[in-house]
Amino acid sequence: MGNGSVRIPLWLLVPALLPVLLFSVAPLVQGIALGFTDYRLGARSIGFAGLDNYVYMLGDRHFWRSFQVGAVWTLAVTIGEVGLGLALAMLLNARLPGQTLARVLVLAPWAIPPVIKGLMWRLMYHPQAGVVNGALMSLGIIDEPIHWLTSFTWALPAVIVAGIWASLPTTTVVLLAGLQSIPMEIREAAAIDGAGGWGQFRHVTLPLMKPVILSIAALQTMWNFNSFGLVFILTEGGPAGSTRLPMLFAYEEAFMFGNLAYASALGTVMVLVIGLFLVAYLRSQYREAQTGAGA
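Quick notes on the rules
Residues numbered from 1 in each chain as written. Predicted model: local features only at pLDDT ≥ 70, side-chain atom pairs only at ≥ 80, totals over all residues. Heavy atoms only, no water. Salt bridge = Lys/Arg side-chain N within 4 Å of Asp/Glu carboxyl O. Buried < 20%, exposed > 50% of the residue type's maximum accessible area, 1.4 Å probe, protein only. 1 Å grid on protein atoms, 1.4 Å probe; cavity = no way out; pocket = protein on both sides within 12 Å on 5 of 7 lines; lining within 4 Å. Points joined across faces, edges and corners; volume = space filled by probe spheres on them. Helix = DSSP H or I, 4+ residues; strand = E, 2+ residues; numbered from the N terminus. Nonpolar A, V, L, I, M, F, W, Y, C, P; charged D, E, K, R; others polar. Core = buried A, V, L, I, M, F, W, Y, C linked by side-chain atoms within 4.5 Å. Contact = heavy atoms within 4.5 Å. Expected span 1.5 Å × (residues − 1). Bend = angle between axes of the 7 residues up to and from the residue. Axes fitted to C-alpha atoms, helices over the stretch in contact; angles between N-to-C directions. Parallel < 35°, antiparallel > 145°, perpendicular 65-115°, else oblique. Left-handed = near helix turned anticlockwise from the far one by under 90°.

Undergrad: Please give an account of the pattern of salt bridges that cites residues and values.
TA: Tallied over the entire structure, the rule returns one salt bridge. Between Glu252 and Arg244 there is a salt bridge whose closest N-O contact spans 3.0 Å. Of the two residues, Glu252 and Arg244, neither departs from the other in class, the shared state being buried.

Next up, the structure:
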């Protein structure tokens, strides 16, 4: 009876595990294995290359440049969306007039497909017809149109702004849920003790929101590092690689130059980087849980 009661739940998990094994684990293992070969697109045979792809990667300045761009992009988008998301969440939690409409508008970018988001921002950044240049010129901030997506100076900041806007709804909703979980009694007690708006935010809201903020920041960091669609639609990694994220670099190596083995090695490195982020996140969560249990 004891063995049967254990086996039945395990068998029930098989239908759920099969799609994961077939569509996630198997391609991942195949990609990792391909990184140790010399396979190129259209080749009739595959030879074992050992660590050659990884050794070449260490000296590939284009890889390190894409990694640097990816780090800047990930850090800037994550900080921007968490900071703006917290501000928006606090406004939406303040019971102001028109709150329902405001929540709908905040969620609007989440409902738009990534390709449409990219096309929208391309139109907004258009040098002559775009609303960005139009607004800045009407305010007297700039004297002539800026070619946002083809400028070495402005291309990366431009896609970072678009990335923050695209990721803002998810972050805002999560942070709003965290704010609404804070008991009103704690805020009222802080107000009775003489804490103003800033004091309540610093000594009540921020400490209680810390686990939520760290969780969404860690998850968005992992997601942003793997970004592809929005930046591909906006710039395709240009100009001259100034917005080429690691995922874009791997895509170019695979489908523009046909070097599938090297692209697979690049993908493996990105999986390892994301794995390190995940381990750090899980360790921080475990420490938080242990601290809470100890208290």
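Undergrad: Tell me about the layout of surface pockets, and name the residues and values.
TA: Of the pockets and cavities examined, the largest pocket occupies roughly 440 Å³. Contributions of two or more residues to the lining of the largest pocket are made by helix H3 (61-92), helix H5 (114-124), helix H7 (155-180), helix H9 (197-225) and helix H10 (229-234). Per element, the largest residue contribution to the lining of the largest pocket is four residues, and it comes from H7. Lining the second largest pocket are 15 residues, and of these Met247, Ala250, Ala263, Ser264 and Gly267 sit closest to its centre. Only helix H1 (2-34), helix H11 (246-256) and helix H12 (260-294) provide two or more residues apiece to the lining of the second largest pocket. Per-element accounting of the lining of the second largest pocket gives the leading share, six residues, to H12. Taken together, the residues of the lining of the second largest pocket break down into eleven nonpolar, four polar and no charged.

Undergrad: If you had to explain the nonpolar core to someone new, which residues and values would you point to?
TA: Core analysis: the biggest nonpolar cluster contains 22 residues, and Trp73, Tyr125, Trp148, Leu149, Val159, Ile160 and Leu234 have the highest contact counts within it. Only H3, H7 and H10 provide two or more residues apiece to this core. Trp148 has contacts with Tyr125, Val132, Asn133, Leu136, Trp154, Ala155 and Ala158, leaving out every residue within four places of it along the chain.

Undergrad: Tell me what's going on with H9, and back it up with residues and numbers.
TA: The end-to-end C-alpha separation of H9 is 35 Å, well short of the 42 Å expected for 29 residues at 1.5 Å each. Lys210 marks where H9 bends most, by close to 50°; the proline Pro211 follows one to four residues later.

Undergrad: Now, about the packing of helix H4 (residues 99-111) against H7: what can you tell me, with residues and values included?
TA: Running from N to C, H4 and H7 point in directions that differ by 135°, and their axes come no closer than 6 Å. With respect to H7, the element H4 is oriented oblique. Of the two possible hands of crossing, H4 and H7 adopt the one that is left-handed. Touching Arg103, Val106, Leu107, Pro109 and Trp110 of H4 are Trp165, Pro169, Thr170, Thr172, Val173, Leu176 and Gln180, all from H7.

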